[in-house]
Amino acid sequence: MIRQVLRMGDPRLLRVAEPVARVPGAELDALVADMLDTMRDLDGAGLAAPQIGVGLRVVVFEVDRNPRYPLVEPVPLTILVNPQITPIGDDIVEDWEGCLSVPGLRGLVPRHDHIRYTGLAPDGSPVDRTVRGFHARVVQHECDHLDGILYPARIVDMSSFGFEPEIARLRAAP
Ligand code: NI
């Protein structure tokens, strides 16, 4: 079922989400199904449970030639329960992000370039991946939602934050 996505300003987006106690579970499966329906309906690259008003540590992401991100490598569909991120090295890279909870806007956000992330798949099997670049960025963005952090709070230079058409012109400028 497609759910309504909360927008920035809703206090539920600022809470720290709780770990999922039972994996696997029917409630978890229903939540994941709604998250995937909602993410795909809005053509998003990812979604975290708090964005549909559920304060649990579950994220989904998938990048498959997404028109919102035409230049980035695909990221396989991943459903991650109780995730943990460990940065590898000190490399920080900046790139543009958007968020379904911050519609119409884009911002330049610094993130770790190289991370390991772990967690559980909905069937309870472990997930353990080491990734770089846009894949690492998506994971960090989605997991931030579980700690009540929206990407505008990570922007260092607020001149690199704005509405999509204006930002597209900014990026096209020499
Ligand atoms: Ni987001």
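Cut-offs used in this document
- Residues numbered from 1 in each chain as written.
- Predicted model: local features only at pLDDT ≥ 70, side-chain atom pairs only at ≥ 80, totals over all residues.
- Heavy atoms only, no water.
- Helix = DSSP H or I, 4+ residues; strand = E, 2+ residues; numbered from the N terminus.
- Contact = heavy atoms within 4.5 Å.
- Areas by Shrake-Rupley, 256 points an atom, 1.4 Å probe, with all protein chains shown as cover.
- Lys, Arg positive; Asp, Glu negative; His and termini not counted.
- Charge placed at Lys NZ, Arg CZ, Asp CG, Glu CD.
- Pairing = 2+ DSSP bridges.
- Axes fitted to C-alpha atoms, helices over the stretch in contact; angles between N-to-C directions.
- Expected span 1.5 Å × (residues − 1).
- Buried < 20%, exposed > 50% of the residue type's maximum accessible area, 1.4 Å probe, protein only.
- Salt bridge = Lys/Arg side-chain N within 4 Å of Asp/Glu carboxyl O.

**Examining the overall build of the chain**
When you go through the chain residue by residue, the secondary structure sums to 3 helices and 8 strands. Each helix and strand of the chain, placed in order from N terminus to C terminus, yields the pattern α-β-β-β-β-β-β-β-α-β-α. In terms of overall dimensions, the chain has a C-alpha envelope of 50 × 35 × 30 Å along the principal axes. For the chain, the proportion of contacts with a sequence separation of at least 24, taken over those separated by at least 6, is 65%. Accessible surface, the chain as shown: approximately 9000 Å² in total, 53% of it carbon and sulfur. Side chains of the chain give 18 positive and 25 negative charges; the mean places of these two sets differ by 2 Å.

**Observations concerning the sheet that holds strand β4 (residues 92–97)**
Each strand in a sheet pairs with another by means of backbone hydrogen bonds, the pair being arranged parallel or else antiparallel. The sheet built from 3 strands is open, its strands ordered β4-β5-β8 with antiparallel pairing. The sheet is open, and its two borders are formed by β4 and β8 (161–163), each paired with just one other strand. Within this sheet the neighbouring strands show an average axis-to-axis angle of 25°, counted without direction. The pairing of strand β5 (residues 105–112) with β8 spans 3 bridges and is antiparallel. Residue pairing for β8: glycine 107 is matched across the bridge by phenylalanine 161. Taken strand by strand, helix α2 (residues 133–146) contacts β4 and β5, and its axis lies near 105° from that of β5.

**A few points about helix α1 (residues 26–41)**
Between its first and last C-alpha atoms α1 spans 23 Å; for 16 residues at 1.5 Å apiece the expected length is 22 Å, and the two agree. When we look at burial in α1, the residues that qualify are Leu28, Leu31, Val32, Asp34, Met35, Leu36, Thr38 and Met39. Packing partners of the buried residues in α1 comprise β1 (46–48), β2 (58–63) and β3 (75–87). Within two residues after α1, aspartate 43 carries a phi angle of roughly 60°, on the positive side.

**Notes on the pattern of salt bridges**
By the definition in use, this model includes 12 salt bridges. Among the ionic pairs, arginine 137 bridges to glutamate 97, the shortest N-O distance being 2.8 Å. You can see arginine 137 sitting in helix α2 and its partner glutamate 97 sitting in strand β4, a full 40 residues away along the chain. Residue glutamate 166 pairs with arginine 169 through a salt bridge whose shortest N-O separation is 3.9 Å.

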